[in-house]
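# Topology and contacts: notes
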Amino acid sequence: MNYVLRKTALFGVTLWAAVTLNFVLPRLMPGSPVDAALAKLAQGGQQVTNAQRRAIEVQLGSPHDGLLSQYVQYLGNMARLHFGSSYSFPNQTVAKTIEGALPWTLVLVGTTTVIAFVVGTLLGVYAGWRRGTRSDATVTVGATFFAAFPPFWLGLLLLFVLAFKLNAFPIKGGYSPGLTPNLSVGFLSNAVAHSFLPALTLAITSLSGWVFGMRNNMINTLGEDYVTFAEANGLRTRTIALLYAARNALLPNVTAFGLSLGAVVGGSVLVEGVFSYPGLGNLLYIAVSNHDFPLMQALFLVITVSMLVAIFVVDLLYVRLDPRVRRA
Amino acid sequence: MSLSTTTPPHGDPGTTVVVPDTPAHVPGPARFLGRALRTLWSNGKARIGLTILALIILMAVLAPVFAPHSPTATNFTPYQGPSAANWFGTTGNGQDVFSQVVYGARVSLLVGLLAGAGATLVAVTIGLIAGYRPGAVDEVLSFATNLALVIPGLPLMIILAAYVPSRSVWTIVLVVAFTSWATGARVIRSQASTLRTRDFVSSAVFSGEGLGRVVFREILPNMTSLVAASFFAAATAAVMAEASLEFLGLGDPNTVSWGTILYYAQQQNALLTGQWVLVFAPGLAIALLAVSFTLVNFGVDALSNPRLREK
């Protein structure tokens with residue numbers, strides 16, 4: 001299992017690099033994020049305790065300690081999920097705030113990615129198979145336009161037309177005010193109704209990568225000899241398109257999963273903000289509006305690590321899909 | 001092309017070095033650009049893209065001609081819908097939205113092109129060196145590229161832009177250029193590593209050309225279409241990223257760009273007061289600019305991959 005070992009090592013090193021980048025960034029910046037953060041904390045009327053000052057210094061850079069001891073303390077804090085205190089949510093720890101928001105984003109981004117993958121890949125197979133025809137042009141140009149819509153703008157328009165004018169969907173939030181999150185059918189259907197528009201927005205804007213990737217792979221695969229052979233054997237066109245060409249064209253598209261996920265995660269930041277959806281993106285939106293550096297810093301780390309884990313899982317699943325990598 | 005043979009001064013008299021006495025004909029930059037544009041124009045999608053792009057550039061350059069009012073003058077009744085005097089209505093501060101959208105083309109276009117060029121410069125440098133120097137150099141640069149690929153771009157840009165104390169267009173250009181180079185670098189690296197073993201590169205190395213000359217004068221001209229493709233891809237990303245950052249309030253609030261119009265529209269709850277044109281128009285302009293870059297890129301892709309060419 002050479003492949004699995006190599007991917008695991010790569011995951012470990014990438015994780016370390018991402019955590020270290022999070023440590024280095026605030027220290028490279030002009031001005032002092034620590035002073036800015038402390039000033040903001042005091043401005044909010046909070047009592048700045050020594051422990052809080054210490055936590056912020058460890059996270060954003062302390063003028064007193066050497067870089068190495070700061071780094072060691074930082075790694076320790078990250079491992080124990082000590083992210084310091086945020087001034088947007090003064091009554092709970094940053095870890096607690098993020099814990100409440102993480103499931104919402106995981107569900108939203110996860111389902112959206114799966115829907116966009118299935119729909120986009122099928123459209124790509126269709127466009128590649130009907131290459132050069134009017135239907136190919138319609139799919140390609142349509143996908144180009146959808147990809148060019150800024151996600152938050154499409155979200156605003158859908159919000160205006162479907163929620164505000166037609167009242168078909170709730171305007172904001174992840175569930176109706178007054179409800180407490182639980183796993184009952186009533187609450188879940190309420191949450192689905194609230195998530196529908198953000199999910200639709202993200203799915204539409206992230207569709208195009210799958211369409212183009214699959215279309216290009218199809219065109220390359222359709223030039224292969226075994227496709228010509230299948231045609232010469234008189235197999236039905238649908239059998240050739242789906243079972244011969246698409247099946248082999250799909251593999252390179254799966255490896256593009258990580259990049260696509262990054263686009264969805266990026267889009268979800270502003271889309272969640274637009275819909276006040278209670279996920280990580282909305283927290284980042286709030287953190288930026290409040291210049292809440294500790295919360296921003298922790299969110300960036302959590303978002304990056306979640307993405308690395310997702311890509312790692314896809315890499316491992318890839319072994320099941322492509323037997324060649326097992327032997328390589 | 002005639003060749004002359006010379007005997008090296010200290011070498012074995014039996015071996016000769018072949019030196020061309022006239023340089024190969026290289027078309028000038030103007031002719032090269034003209035030929036590339038003509039080939040692009042023959043692609044249907046690229047033709048639409050070039051037309052939209054030309055119109056947006058025209059609008060940006062001739063903004064004072066097209067815009068009926070100053071984009072910053074606050075001398076209209078605020079919160080008005082579209083009318084004969086204000087085609088797209090007015091903002092909450094009493095500015096003419098149509099004039100703002102026309103002038104906004106300047107900043108959005110400038111940021112898109114500059115950040116795209118910056119990201120391409122980084123991508124070309126890192127990709128070429130990594131592809132040409134296998135071993136440790138390649139390992140380090142490739143790892144950096146893969147890291148930059150998997151770190152979510154927009155959250156990183158938001159963090160960077162939030163830390164930088166000054167709010168200006170240049171901050172956004174730098175932040176976008178710094179975060180959007182990885183895709184291009186990966187493509188250019190793989191192309192450079194296949195070109196590295198070709199005969200013309202080996203002969204350039206054996207004739208004593210330095211690293212910079214081999215990489216930038218011998219290898220680079222053979223992947224012009226890849227560089228162009230990564231430029232347009234980066235420019236598309238830059239236009240979208242600029243809009244997102246400005247919508248979050250991380251741009252310069254005093255400049256008029258499509259992103260800041262959307263920021264103020266959201267701050268003033270334009271949609272809930274029914275002023276949908278104020279949101280619709282700048283967003284559509286952003287989408288059109290991004291679409292034009294992508295469509296041009298279809299033509300560029302077809303140049304480098306004949307299988308994608310339209311029959």
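Look up: the structure comes first, before these words.
Structural notes, computed from the coordinates. Note that the structure is a prediction, hence the values are computed from the model and not measured. (Residues numbered from 1 in each chain as written. Chains lettered and ligands numbered in written order. Predicted model: local features only at pLDDT ≥ 70, side-chain atom pairs only at ≥ 80, totals over all residues.)

### Some points on the overall build of chain A
The condition that has to hold: Helical segments are the DSSP runs of H or I of at least four residues, strand segments are the runs of E of at least two, and each set is numbered from the N terminus. Partly exposed residues are those whose C-beta has more than 12 but fewer than 20 other C-beta atoms within 10 Å; 20 or more makes a residue buried and 12 or fewer makes it exposed, with C-beta atoms placed from the backbone. For every residue pair, C-beta atoms are placed from the backbone, and the pair is scored as a contact if these atoms sit within 7 Å.
Of the regular secondary structure elements, chain A holds 14 helices and 0 strands. Written out in order from the N terminus, the α and β elements of chain A read α-α-α-α-α-α-α-α-α-α-α-α-α-α. Residues classed as buried in chain A amount to 41% of the 328 residues present. If you take every contact in chain A between residues at least 6 apart in sequence, the share linking residues at least 24 apart comes to 73%.

### Some points on unusual backbone geometry
Phi at Ser276(A) takes a positive value of approximately 50°, unusual for a residue other than glycine. As for its position among the elements, Ser276(A) is in the loop between helix H11 (257-275) and helix H12 (280-289).

### Remarks on the interface of chain A and chain B
This is how the line gets drawn: Residue type decides the class: Asp, Glu, Lys and Arg count as charged, Ala, Val, Leu, Ile, Met, Phe, Trp, Tyr, Cys and Pro as nonpolar, and the leftover types, Gly among them, as polar.
Facing 44 residues of chain A, the contacting portion of chain B comprises 38 residues. For the side of chain A that touches chain B, the secondary structure elements donating two or more residues are helix H1 (2-28), helix H6 (134-148), helix H7 (151-165), helix H8 (185-222), H11, H12 and helix H13 (293-321) of chain A. Split into classes, the residues belonging to the side of chain A that touches chain B amount to 32 nonpolar, 12 polar and no charged.

### Some words on the nonpolar core
Which entries qualify depends on this criterion: The term nonpolar core refers to a group of buried residues, namely Ala, Val, Leu, Ile, Met, Phe, Trp, Tyr and Cys, whose C-beta atoms join them within 7 Å.
Ranked by size, the top nonpolar core spans 166 residues in total, and within it Leu284(A), Met296(A), Leu299(A), Met157(B), Ile158(B) and Val176(B) carry the most contacts. No other element matches helix H13 (residues 276-304) of chain B, which puts 18 residues into this core. Among residues more than four places away in sequence, those in contact with Leu284(A) are Val269(A), Met296(A), Leu299(A), Pro155(B) and Ile158(B).

### Topic: the packing of helix H8 (residues 182-195) of chain B against helix H11 (residues 224-247) of chain B
Geometrically, a packed helix pair is captured by the angle between its two axes and the distance between the axes. Residues and elements named next belong to chain B. Basically, it comes down to this: An axis is simply a line fitted to the C-alpha atoms; with a helix, the fit covers only the stretch in contact. Between two such axes, the angle follows the N-to-C directions and lies from 0 to 180 degrees. Note on angle classes: values under 35 degrees are labelled roughly parallel, values over 145 roughly antiparallel, values of 65 to 115 roughly perpendicular, and the remainder oblique.
Look at H8 against H11: their axes get within 9 Å of each other, and the N-to-C directions meet at 170°. As judged from the angle between their axes, H8 and H11 are roughly antiparallel. When H8 is examined against H11, the residues Thr 183, Gly 184, Val 187, Ile 188 and Gln 191 are found in contact with a partner set consisting of Leu 226, Ser 230, Ala 233 and Ala 234. Of the residues belonging to the contact of H8 with H11, the class tally is 5 nonpolar, 4 polar and no charged.

### Details of H8(B)
All names here are of chain B. Counted only if it meets this: Expected helix span is taken as 1.5 Å per residue step, with the number of steps being one fewer than the number of residues.
An ideal rise of 1.5 Å per residue puts 20 Å on 14 residues; H8 measures up with 20 Å between its terminal C-alpha atoms. Within H8, burial applies to Ala 182, Thr 183, Gly 184, Ala 185, Arg 186, Ile 188, Arg 189, Gln 191 and Ala 192. The secondary structure elements touched by the buried residues of H8 are helix H4 (97-132), helix H5 (136-150), helix H10 (211-219) and H11.

### Notes on the environment of Leu226(B)
Residues and elements named next belong to chain B. Inspection of the secondary structure assignment puts Leu 226 in helix H11. The class for Leu 226 is buried, based on 23 C-beta atoms found within 10 Å. Taking C-alpha positions, Leu 226 is 9.7 Å from Val 124, a pair spaced 102 residues apart along the chain.

### A few points about the packing of helix H5 (residues 94-129) of chain A against H13(A)
All names here are of chain A. Note the threshold: Each crossing is labelled by how the near helix is turned from the far one, with a counterclockwise turn of less than a right angle marking it left-handed and a clockwise turn marking it right-handed.
Close contact between H5 and H13 brings their axes to 11 Å; oriented N to C, the two are set at 45°. As the angle between them shows, H5 and H13 are arranged oblique. For H5 against H13, the interelement crossing comes out right-handed. Between H5 and H13, the residues in contact are Val 94, Ile 98 and Leu 102 and Pro 294, Leu 295, Ala 298, Leu 299 and Val 302, respectively. Each residue belonging to the contact of H5 with H13 can be placed in one class, and the counts come to 8 nonpolar, no polar and no charged.

None of the figures reported here should be taken as evidence of function without further support.
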